[in-house]
Amino acid sequence: MAHWTTNVLGNPTGFVQAVTVDGELAGNVLAWWDEGCRSLGYWLGRRYWGRGIGSRAVALFLEEEKARPLYADSFVGNTASVRLLEGLGFRRTDTVWYGGFEHVRLVLDEPRGGSGVGVS
C-alpha cells in the first residue's frame, strides 16, 4: 500500500483511473513519466480477463491520456497483453529485461479510436 500511496497515487506526473464493470472495481489503468518517457500500465482482476474489458478500458483511458509517444512493456509470455496493446495501435519496438524476465516494449505514436465498462 505504501508503494501505491507514494509512487503511484502520490506521483504528480501520474494519471490513474479505476476500471469498473457494472459498478464493481475490476482494475486500473495508469500512465507516468519514467526517465523522460511516458509509460502505460494496467491491471485487471483475473475474473475480468478474456471478455474485452481490458481492451475497452485501455481504449477509454487513451482518449484522456494524450501524451505521445506512449510506451508499454509486457512480459514476453503474456501474449494476451501484447495482442491487446497491438490491437489499440501500439507497435513492438524491442525487448527489455526486468528482474531477469524478458519484456516486449511497445509504443503508441498516434491516437487511435477505439459493455458496462468504464474508467474514472
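Above this text you will find the structure in question.
No experiment lies behind these values; they were computed from the predicted model shown.

S.K.: Would you explain the pairing of strand β6 (residues 101–108) in this entry?
M.R.: The side chains of a regular strand alternate, first on one face of the sheet and then on the other. Relative to β6, strand β4 (residues 70–75) is paired through six bridges, and the arrangement is antiparallel. Bridging from a neighbouring strand, S74 pairs with V104 of β6. Hairpin connection from strand β5 (residues 91–98) to β6: two residues lie between these consecutive antiparallel strands, with G99 at a positive phi of about 55°.

S.K.: Quick question: what am I supposed to make of unusual backbone geometry here?
M.R.: Both trends apply: most residues other than glycine have a negative phi, and most peptide bonds are in trans. Residue P69 is bonded to the preceding R68 through a cis peptide linkage, with omega at 0°. Relative to the elements of secondary structure, P69 occurs in the loop between α2 (53–64) and β4. With phi around 50°, D22 is a residue other than glycine that occupies positive phi space. On the secondary structure map, D22 appears in the loop between β1 (15–21) and β2 (24–34).

S.K.: Quick question: what am I supposed to make of the layout of surface pockets here?
M.R.: To find leftover empty space, one rolls a probe the size of a water molecule over the atoms. The calculated volume of the largest pocket comes to roughly 850 Å³. Looking at the lining of the largest pocket, the elements with two or more residues in it are β2, β3 (37–44), α2, β4 and α3 (79–87). For the lining of the largest pocket, the element with the highest residue contribution is β3, accounting for seven residues. Of the residues that constitute the lining of the largest pocket, the class distribution is 18 nonpolar, ten polar and five charged.

Basis of the calculations
Residues numbered from 1 in each chain as written. Predicted model: local features only at pLDDT ≥ 70, side-chain atom pairs only at ≥ 80, totals over all residues. Heavy atoms only, no water. Pairing = 2+ DSSP bridges. Helix = DSSP H or I, 4+ residues; strand = E, 2+ residues; numbered from the N terminus. 1 Å grid on protein atoms, 1.4 Å probe; cavity = no way out; pocket = protein on both sides within 12 Å on 5 of 7 lines; lining within 4 Å. Points joined across faces, edges and corners; volume = space filled by probe spheres on them. Nonpolar A, V, L, I, M, F, W, Y, C, P; charged D, E, K, R; others polar.

Purely spatial values, then, with no claim about function.
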